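# Summary of the model geometry
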Amino acid sequence: MTFLFFLNSFLLGIALAIDAFSVSIVNGLSEPKMSLARTSAIAGVYAAFQFAMPLAGWICVRTILMIFSSFQKFIPSIAFVLLTYIGVKMILEAVKNPCAEKNPERRVLSLTTLLLQGVATSIDALSVGFTIAEYDFFVAFVSASIIAAVTFLICFCGLKIGKKIGECFSARAQIFGGIILILIGIEIFLRGIFSI
């Protein structure tokens, strides 16, 4: 493992964490009273997905390349559907329950929503399996670990930023956050279409 390997893994981590960073800001906006432990746990979930997806892609490339290649074209659509679903759900909850706007600490991100966000923001990392396919398992594991560590730090910062902004204008944060999630889903979908 060379310096270039570590640099490439670090840069991959940054590139892959951008969507999760944006969603982290949204989560911070929606839950401005989030504790430090919860912030760390949420960033940890995104990091875990960013760790698992490249390794899953590596396994697919090493074992079932043909199936993975045909699945890859659906990745942007899956991310779009998941993020749009979560965004619309957030907006509807804010509109149906305006009392929650007066008590922003009551808006808590559910585990199901967090896991859906984790899948949606990391599913494109499956493709990284192609770029690390030449590595043996240990080196691929180290690369995925670096990607996860970078993702954790970036998402932790995103959650902190979102919390600060959410404290300033929490009354409209959930609707704003839902709109942002839908826009991120559209961006992932369009990026996937135009890269094909």
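These remarks concern the structure in this document. (Residues numbered from 1 in each chain as written. Predicted model: local features only at pLDDT ≥ 70, side-chain atom pairs only at ≥ 80, totals over all residues. Heavy atoms only, no water.)

## Some remarks on the pattern of salt bridges
Using the criterion set out here, one finds one salt bridge in the structure. Ionic pairing is found between Glu31 and Arg38, a salt bridge with its closest N-O pair at 2.6 Å. (Salt bridge = Lys/Arg side-chain N within 4 Å of Asp/Glu carboxyl O.)

## Here's the deal with the packing of helix 4 (residues 75–96) against helix 6 (residues 111–122)
One can describe the packing of helix 4 onto helix 6 by two numbers: an axis separation of 9 Å at closest approach and a directional angle of 145 degrees. When the axes of helix 4 and helix 6 are compared, the crossing they make is left-handed. Contacts between helix 4 and helix 6 pair Ala79, Leu82, Leu83, Tyr85, Ile86 and Lys89 from the former with Thr113, Leu116, Gln117, Val119 and Ala120 from the latter. (Axes fitted to C-alpha atoms, helices over the stretch in contact; angles between N-to-C directions. Helix = DSSP H or I, 4+ residues; strand = E, 2+ residues; numbered from the N terminus. Left-handed = near helix turned anticlockwise from the far one by under 90°. Contact = heavy atoms within 4.5 Å.)

## Things to note about the nonpolar core
Of all hydrophobic cores here, the largest spans 43 residues; its most connected members are Ile42, Tyr46, Leu83 and Leu181. If you list the elements that add at least two residues to this core, you get helix 1 (3–30), helix 2 (36–63), helix 4, helix 6, helix 8 (137–168) and helix 9 (173–195). Counting residues per element, this core draws most heavily on helix 8, which supplies ten residues. Apart from residues lying up to four places away in sequence, Leu83 is in contact with Val23, Ala120, Leu181, Ile182, Ile184, Gly185 and Ile188. (Core = buried A, V, L, I, M, F, W, Y, C linked by side-chain atoms within 4.5 Å. Buried < 20%, exposed > 50% of the residue type's maximum accessible area, 1.4 Å probe, protein only.)

## Looking at the packing of helix 1 against helix 2
Put simply, helix 1 and helix 2 touch, their axes get as near as 11 Å, and they point 160 degrees apart. In terms of orientation, helix 1 lies roughly antiparallel with respect to helix 2. Viewed along their axes, helix 1 and helix 2 form a crossing whose handedness is right-handed. Taking contact as the criterion, the partners of Leu16, Ala17, Ala20, Val23, Ser24 and Asn27 in helix 1 are, on helix 2, Ile42, Tyr46 and Gln50. The class makeup of the residues in the contact of helix 1 with helix 2 is six nonpolar, three polar and no charged. (Parallel < 35°, antiparallel > 145°, perpendicular 65-115°, else oblique. Nonpolar A, V, L, I, M, F, W, Y, C, P; charged D, E, K, R; others polar.)

## Notes on the side chain of Thr113
Along the chain, Thr113 turns up in helix 6. Overall, Thr113 belongs to the buried group, its relative accessible area being 12%. Thr113 has contacts with Ile86 and Lys89, leaving out every residue within four places of it along the chain.

## Comments concerning helix 6
Its twelve residues give helix 6 an end-to-end C-alpha distance of 16 Å, which sits within 8% of 16 Å, the value for a rise of 1.5 Å per residue. For helix 6, the complete set of buried residues consists of Thr113, Leu114, Gln117, Gly118, Ala120, Thr121 and Ser122. (Expected span 1.5 Å × (residues − 1).)

## Overview of the state of the cysteines
All chains considered together, the criterion is met by zero disulfides. Left unpaired, Cys155 is separated from the closest cysteine sulfur, that of Cys157, by 9.3 Å. (Disulfide = S-S within 2.5 Å.)

## Some words on the packing of aromatic side chains
All told, the structure shown has six aromatic pairs when counted by the stated rule. For the ring pair Phe5 and Phe6, a centre distance of 5.2 Å and an interplane angle of 75 degrees mean the geometry is edge-to-face. Its relative accessible area of 7% is what places Phe5 among the buried residues. Among the residues examined, Phe6 registers a relative accessible area of 37% and is labelled partly exposed. Between Phe152 and Phe156 the ring centres are 6.0 Å apart and the planes differ by 25 degrees, which places this aromatic pair in the stacked class. Remark: Phe156 and Phe152 occur in helix 8; sequence separation between them is four residues, near one turn of the helix. (Phe/Tyr/Trp six-rings, centres within 6.5 Å; stacked < 30°, edge-to-face > 60°.)

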